[in-house]
Amino acid sequence: MILVTGATGCIGKSLVGQLNQNGVEFRALVRDEVKGRALGCDFVVGDFDDRDSLAAALEGADRLFLNGPGAEPVNGEQQPMIRRQKSVIDAALKAGVTHVVKVSVWHARQGAKLSQGAHWEIDEYLKASGLDWSLLHPAGFMQNFIAPSAFAPDGSLLSSYGTSPVAHIDCHDIAACGAALLTGATGRGKSFVLTGSEALTDTEVADRMSSALGRAVGRVELPADSLAAAMRAQGLPTEFAEDLAVLVKEVAAGSQATPTTTVHAITGRPARTFDAFLSANLQSLRAVAVPSKR
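On a predicted model such as this, the values are computed, not experimentally measured, just so you know.

Caption draft 1: View of the overall build of the protein. In terms of helices and strands, the protein carries twelve helices and nine strands. By the compact-globule yardstick of 19 Å for 294 residues, the protein fits well, its C-alpha radius of gyration being 19 Å. Sequence-distant contacts, at least 24 apart, represent 73% of the contacts inside the protein between residues at least 6 apart. Per element, the accessible surface of the protein, about 13,300 Å² overall, is 50% carbon and sulfur.

Encoded structure:
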């Protein structure tokens, strides 16, 4: 039996749907009972900070999909995600779990900023735990483009990566890779870089959105330093804003510009194109890519 954490997020919901469709036995761990009911599957209410709830959720599980919130805007302290995910790994080991598939991040490495550095520490902890493991290292999510924060008040796309292409991935494909690794016999002790099938510049993204919506979608340049300044103006900690700017600059310099074929290798089908993603999420895009009425 599989325990799915992060079950109400964009990856988790897709994984729940795929496991349900394939008749796989699993349980979802959720923090909100109402959201748990909406998943339409077996679920338990719990929290990474509640060890008793973790033990209850893991009862009878032999595989774990480990996914959770990313970096938080804290100043001068360790990212909470490190403590929380290490607790889940400890609980999994105690419960007799044999295989953990963990969602990490592309370019996770020692000393890196925010999620990249935090995930590296958690990844290394998992590797040393004695549990069988598989690590998913995805590129930036296509789902970020259907969030209100992706657009300026006039409905234009906020553009932070300049002319550098980015191989964004649909969370549906991350979930599909997770499902394949959790239910198959391969991939243990390996790390997988997951991307979409193509790399697009912000200009190309806006053009694809324009075609999908049937109207022009403009762009507003918001380079890394301007993004950090905007975040500070919103009251976010200076250190968090500046660290995020460092990561944005890395992507703008091409750190996610090269697509991989890993999704196809794991699932047997190519990763979704951006056009296919927009078609599948057109209603959500229409809801956020609209000028403000203010």
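Caption draft 2: Geometry of the packing of helix 8 (residues 224-233) against helix 9 (residues 238-252). In contact at an axis separation of 8 Å, helix 8 and helix 9 are set at 155° when each is read in the N-to-C sense. Between helix 8 and helix 9, the crossing angle belongs to the class labelled roughly antiparallel. Judged by the twist between their axes, the crossing of helix 8 over helix 9 is right-handed. Contacts between helix 8 and helix 9 involve Ala224, Asp225, Leu227, Ala228, Met231 and Arg232 on the former and, on the latter, Thr238, Phe240, Ala241, Glu242, Leu244, Ala245, Val248 and Lys249. Taken together, the residues that form the contact of helix 8 with helix 9 break down as nine nonpolar, one polar and four charged.

Caption draft 3: Here's a closer look at helix 9. Spanning 15 residues, helix 9 covers 21 Å between terminal C-alpha atoms, matching the ideal 21 Å at 1.5 Å per step. Residues of helix 9 that are buried include every one of Phe240, Ala241, Asp243, Ala245, Leu247, Val248 and Val251, and no others. Looking at the packing, one finds that the buried side of helix 9 touches helix 5 (114-127) and helix 8. In the stretch just after helix 9, Gly254 is the one whose phi turns positive, near 105°.

Caption draft 4: Just the layout of surface pockets, in detail. Its boundaries defined by the atoms lining it, the second largest pocket holds a volume of some 150 Å³. Around the second largest pocket, the lining residues are Arg51, Leu54, Ala55, Ser87, Asp90, Ala91, Lys94 and Ala95. The set of elements that each furnish at least two residues to the lining of the second largest pocket consists of helix 3 (51-58) and helix 4 (80-95). The element best represented in the lining of the second largest pocket is helix 4, accounting for five residues.

Caption draft 5: Spotlight on the sheet that holds strand 5 (residues 99-103). Strand order across the open sheet formed by seven strands is 3-2-1-4-5-6-8, with parallel pairing between neighbours. Edge positions in the sheet fall to strand 3 (43-45) and strand 8 (190-194), since each of these pairs with one other strand and no more. Sheet twist, expressed as the mean angle between neighbouring strand axes with direction ignored, is 20°. Note: strand 6 (residues 132-138) against strand 8, five bridges, orientation parallel. Counterpart to His137 in the pairing with strand 8 is Val193. Each of strand 1 (2-4), strand 2 (26-30), strand 3 and strand 4 (63-66) is contacted by helix 3, which is oriented at about 165° to strand 2, the strand it contacts most.

Procedures and definitions
- Residues numbered from 1 in each chain as written.
- Predicted model: local features only at pLDDT ≥ 70, side-chain atom pairs only at ≥ 80, totals over all residues.
- Heavy atoms only, no water.
- Helix = DSSP H or I, 4+ residues; strand = E, 2+ residues; numbered from the N terminus.
- Rg over C-alpha atoms; globule rule 2.2 N^0.38 Å.
- Contact = heavy atoms within 4.5 Å.
- Areas by Shrake-Rupley, 256 points an atom, 1.4 Å probe, with all protein chains shown as cover.
- Axes fitted to C-alpha atoms, helices over the stretch in contact; angles between N-to-C directions.
- Parallel < 35°, antiparallel > 145°, perpendicular 65-115°, else oblique.
- Left-handed = near helix turned anticlockwise from the far one by under 90°.
- Nonpolar A, V, L, I, M, F, W, Y, C, P; charged D, E, K, R; others polar.
- Expected span 1.5 Å × (residues − 1).
- Buried < 20%, exposed > 50% of the residue type's maximum accessible area, 1.4 Å probe, protein only.
- 1 Å grid on protein atoms, 1.4 Å probe; cavity = no way out; pocket = protein on both sides within 12 Å on 5 of 7 lines; lining within 4 Å.
- Points joined across faces, edges and corners; volume = space filled by probe spheres on them.
- Pairing = 2+ DSSP bridges.

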